[in-house]
Each structure stands twice: as C-alpha cells, then as structure tokens.
Amino acid sequence: MADDKQNGSDMVDKAAVEVAQMALESNEDVAKPATAPKEAAHEDAGSKGATKKEENGTPKAAPVSTAAFKEQFKAFSKFGDTKSDGKHLTLSQSDKWMKQAKVIDKKITTTDTGIHFKKLKSMKLSFAEYNTFLEDLAKTKKVELDEIKSKMANCGAPGIHNATPGKAAETVARLTDTSKYTGSHKQRFDETGKGKGIAGRKDLPDSSGYVSGYTHKNTYDKTH
C-alpha cells in the first residue's frame, strides 16, 4: 500500500510539473509579440523626434562664391573713381552697392552702415577689412551674412537698376507718337514718322520750272 501511495504521489507531482511547464511556455509566447511593438514604437518615436528636429532647424542660406563677391567688390570700388585700383572701397561706394543689392532697407539703414564702417577707423577698406565690416553688421542686425553677400554678389554691374516702366514711360511714348501730331508739327514728319529735316520747317522755293499750283508735274514722260 505504501508503494501504491508513493507511485500515486509521483504521478501527481509529474503532472503538476508538466502543467506548470506548459503554462510557462504559454506565457513566454504571449510576452514575445508584446515586446516587438514596444520596440517598434520606440524606433518610430525616435525617427519622429529626428524629423521634428530637422523641421524645426532653421535652414541657412547657401554659401556665396568668394570669387563672384570679390569681382563685385572690385567693380564697385572703381564706381565713380577712375583712379581706383579696385582694392579698396569707400563708405559711399559701399552704400551704393548695398542699395542696388537691396541690402539697405528698413532693417539695415545708412546710419547702421556708417557706424560699423567707422569702427574700422579707415576711409577706405580692403577686401579683408570689408568682410570684417559685413560680419559685424550682420551680427548686430541679426541677419544671415551669406544672405547679405548673396544679394550683393548677384545685383549686377554698378549702376544697373531693374526698374519697371511706369507712367513716365507711357507719357513719353504718347508724346513721341508722330501719327497724333497736328498743324505745323505734322508737316515736319513723313508717313513713316521720319523727320523731313529743313524741308519740314521752312517753305523752300520751287526751282523745278513749273508754275505754282500746277498739278501735272513730272507726268509728261509717262503719258507721251
């Protein structure tokens, strides 16, 4: 009887172990899928954070070609000064350059450029000194230095302004339209609008030999 009881208890213990093992394996299978989404969610959060950071980052202006900017510096340093060697720039020339490039506006004024130019204690600045002047100006006015240089490098040759024709141009076109002239002014131009010269301003004597008022001038050879 003792052996039967012992065998019975061993069987019960073995069954309990198998049930516990099955339950453990079942719990591991359930836990695995739960871990994967958590890791994926973590990765998604990381990528979203990186994207947000990139979106919030302020894009900087593209760097300007030093050669192009230096050529403009040389051109404006000779603007209005035929004796200039192209190596130094005055405040007046600098302001003309900045106005043409539309750098001088409501935010940056000629007062600002004058103050920062005079900090270098020179009437004319070399190319290196002028770069220092622009760096100081951009920092004080909180404007991108590359943005300023880009405008100045691409504003065209000195004296070029991209002005659009306005009412003045329309008025000039109307006043120079010879087809609308009347009276003595009309007699000064032919049908094509070309001026007749002195013949349009004075009554020249007819030396052809025909009587004044004769209407068949130069027709004899055509009819005989």
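Look above for the structure.
I will try to describe carefully the structure that is included in this document. Remember, it's a predicted structure, so these values are computed and weren't measured experimentally.

Here the focus is the packing of helix α4 (residues 110-118) against helix α5 (residues 127-141). Where α4 meets α5, the axes come as close as 9 Å, and the angle between the chain directions of the two elements is 130 degrees. Classified by the interaxial angle, the pair formed by α4 and α5 is oblique. Here α4 runs over α5; the crossing is right-handed. Along the contact surface, α4 presents Asp112, Thr113, His116 and Phe117, while α5 presents Tyr130, Phe133, Asp136, Leu137, Thr140 and Lys141. Broken down by class, the residue content of the contact of α4 with α5 amounts to four nonpolar, three polar and three charged.

With that settled, the discussion passes to the pattern of salt bridges. Here the structure, examined in full by the defined rule, presents three salt bridges. The residue Lys141 makes a salt bridge to Asp112 at a minimum N-O spacing of 3.4 Å. Here Asp112 lies in helix α4 and Lys141 lies in helix α5, a separation of 29 residues in the sequence. Note on Lys141: relative accessible area 21%, which makes it partly exposed. A residue is classified by how much of its surface remains accessible, and Asp112, at 14% relative accessible area, is buried. Linking Lys119 and Asp136 is a salt bridge whose minimum nitrogen-to-oxygen distance equals 3.3 Å. One end of the pair, Lys119, is in the loop between α4 and β2 (124-125); the other, Asp136, is in helix α5, with 17 residues separating them in the sequence. By relative accessible area, Lys119 is classed as partly exposed at 48%. For Asp136, a relative accessible area of 25% puts it in the partly exposed group.

Calculation notes
Residues numbered from 1 in each chain as written. Predicted model: local features only at pLDDT ≥ 70, side-chain atom pairs only at ≥ 80, totals over all residues. Heavy atoms only, no water. Axes fitted to C-alpha atoms, helices over the stretch in contact; angles between N-to-C directions. Helix = DSSP H or I, 4+ residues; strand = E, 2+ residues; numbered from the N terminus. Parallel < 35°, antiparallel > 145°, perpendicular 65-115°, else oblique. Left-handed = near helix turned anticlockwise from the far one by under 90°. Contact = heavy atoms within 4.5 Å. Nonpolar A, V, L, I, M, F, W, Y, C, P; charged D, E, K, R; others polar. Salt bridge = Lys/Arg side-chain N within 4 Å of Asp/Glu carboxyl O. Buried < 20%, exposed > 50% of the residue type's maximum accessible area, 1.4 Å probe, protein only.

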